[in-house]
Amino acid sequence: SYGRDQEREADAVGQRIAAESGWDPVGMPSFLDQLRRETVLRTGAERLPSFLDSHPATAERVRTTEQRARELAVAPAAAIAPTRAAFYERLRGLLIGPNPREGVFRDSLFLHAPLDLALRFPEGWRTQNQKRSVAAQSPERDAVLILEAQGASGDPAAAAAEFAQAAQLALSDGAPVPGSRYPSYRARGRARTTSGELALQITWISHPALMLRITGAVSPGRWSAALPHFERTAASVRTLRAAERETIRARRLSVVTARAGESLERLSRRTGNRWSPEETAVANDLEVAAPLEAGQPIKVVVDAEVVE
């Protein structure tokens with residue numbers, strides 16, 4: 001891993017390259033200070049230095065890069081945009097936060113608008129939406145549920161056989177899932193890992209959009225406790241309700257014009273800004289209580305339709 005002296009060197013090299021390329025080297029300490037403000041906003045306190053830190057303290061980096069910026073000559077270069085407002089316009093429409101086209105969580109309920117898919121993971125389990133799977137882990141960290149796609153819709157029993165062969169996995173007790181909304185097939189198996197043996201229940205569901213595979217894995221001693229969670233999650237697969245679809249919105253960056261003396265709080269109410277005044281202040285390099293000037297461009301975040 002890198003040490004603090006190497007990170008100091010990286011700051012120096014990066015700042016010098018920026019100046020030689022026509023960029024204002026003051027941008028680096030400004031950026032680092034924005035990171036500091038973001039940390040305070042998210043955690044409620046300044047981050048304290050640690051003996052094991054791989055980077056110098058942010059305050060030190062800000063001081064050092066501010067001093068270095070005064071000593072560097074900036075090469076002439078054309079500006080990206082003639083004004084701050086024109087620059088902000090180039091950012092309009094930028095996606096902020098998770099992409100709802102890849103699915104969203106509402107507590108334990110997972111919603112995926114493009115696939116017209118909803119399912120509920122166990123309450124209290126820690127969930128994570130990744131690029132190729134959606135997963136949930138029990139509070140005791142001894143059981144997991146994983147939702148994945150396995151090709152196009154079709155015969156779920158055939159999909160199970162195909163998966164078992166590819167994974168070299170012996171399956172047993174295979175049968176359709178009683179009461180499933182879609183053609184389905186459920187089987188059990190065992191898997192060996194570096195941490196020991198896992199008991200599996202895998203369910204294949206032929207959803208109209210694609211073949212779903214829901215894998216429940218747990219240590220054998222916890223099988224009876226985890227099994228109801230596995231079965232309820234698989235049984236919960238359904239299409240979206242209209243009210244659920246309405247809640248799925250992308251958040252995108254917009255640019256608005258402030259009125260003379262307006263506060264960030266009033267501007268946010270007027271424009272439908274989804275950021276808090278504190279978040280808006282950090283994103284715009286402002287103080288949260290500072291009055292705004294007439295015509296001042298302000299970055300905000302607004303809800304937008306999800307294009308499917």
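Up top is the structure.
Heads up: these notes are all about the structure in this document. No experiment lies behind these values; they were computed from the predicted model shown.

Our next topic: the packing of aromatic side chains. Enumeration according to the criterion identifies five aromatic pairs in this entry. Between Trp223 and Phe230 the ring centres are 6.4 Å apart and the planes differ by 70°, which places this aromatic pair in the edge-to-face class. Here Trp223 matches Phe230 in class, with each residue buried. An aromatic cluster is built from Phe105, Phe110 and Phe121, whose rings are joined through pairwise contacts.

All right, on to the side chain of Thr280 then. Of note, Thr280 is situated in helix H9 (residues 277-283). We classify Thr280 as buried; its relative accessible area is 0%. Here Ser276 takes part through its backbone oxygen, which lies 2.8 Å from a polar atom of the side chain of Thr280. Those residues in contact with Thr280, other than ones at most four positions away along the chain, are Leu264, Ser268, Asn273, Trp275, Ile298 and Lys299.

Here we take up the environment of Leu169. Relative to the assigned elements, Leu169 resides in the loop between helix H5 (156-167) and strand E7 (171-175). Other than its neighbours up to four places away in sequence, Leu169 contacts Phe163, Ala164, Arg190, Leu200 and Ile202.

A word on the sheet that holds strand E10 (residues 211-218). Across the sheet, which stays open at both edges, the seven strands sit in the order E4-E5-E6-E10-E9-E8-E7 with antiparallel pairing between neighbours. Lying at the two open borders of the sheet, with one neighbouring strand each, are strand E4 (126-129) and E7. Taken pair by pair, the neighbouring strands of this sheet meet at an average axis angle of 15°, ignoring direction. By the bridge criterion, eight bridges tie strand E9 (residues 196-206) to E10 in an arrangement that is antiparallel. Looking at the pairing, Gln201 lines up with Gly216 of E10. Helix-sheet contacts for H5 involve E7, strand E8 (184-193), E9 and E10, and the interaxial angle to E9 is about 145°. Seen against the sheet, helix H6 (residues 223-235) touches strand E6 (143-149), E8, E9 and E10 and runs at an angle of roughly 20° to E9.

A separate point is the packing of helix H1 (residues 4-20) against helix H3 (residues 58-71). Taken N-terminus to C-terminus, the directions of H1 and H3 make an angle of 35°; their axes are 11 Å apart at the nearest point. Crossing of H1 over H3 shows right-handed handedness. Within the contact between the two elements, H1 uses Arg8, Asp11, Ala12 and Gln15 and H3 uses Glu60, Arg61, Thr65, Arg68 and Ala69. Grouping the amino acids of the contact of H1 with H3 by side-chain chemistry returns two nonpolar, two polar and five charged.

All right, on to the pattern of salt bridges then. Taken as a whole and judged by the stated rule, the model has 23 salt bridges. Where Glu148 meets Arg213, a salt bridge forms, and the shortest distance between an N and an O atom there is 3.0 Å. A residue pair is termed long-range when its members are at least 10 positions apart, and Glu148 in strand E6 and Arg213 in strand E10 qualify at 65 residues. Here Arg238 ties to Glu244 by a salt bridge, and the two come within 2.7 Å at their closest N and O atoms. There is no split in this pair, since Arg238 and Glu244 are both buried. Taken together, the shared-partner salt bridges in this structure form one network comprising Asp5, Arg8 and Glu60.

Rules behind the numbers
- Residues numbered from 1 in each chain as written.
- Predicted model: local features only at pLDDT ≥ 70, side-chain atom pairs only at ≥ 80, totals over all residues.
- Heavy atoms only, no water.
- Phe/Tyr/Trp six-rings, centres within 6.5 Å; stacked < 30°, edge-to-face > 60°.
- Buried < 20%, exposed > 50% of the residue type's maximum accessible area, 1.4 Å probe, protein only.
- Helix = DSSP H or I, 4+ residues; strand = E, 2+ residues; numbered from the N terminus.
- Polar contact = N/O pair within 3.5 Å; in protein donor to acceptor, adjacent residues only side chain to side chain.
- Contact = heavy atoms within 4.5 Å.
- Pairing = 2+ DSSP bridges.
- Axes fitted to C-alpha atoms, helices over the stretch in contact; angles between N-to-C directions.
- Left-handed = near helix turned anticlockwise from the far one by under 90°.
- Nonpolar A, V, L, I, M, F, W, Y, C, P; charged D, E, K, R; others polar.
- Salt bridge = Lys/Arg side-chain N within 4 Å of Asp/Glu carboxyl O.

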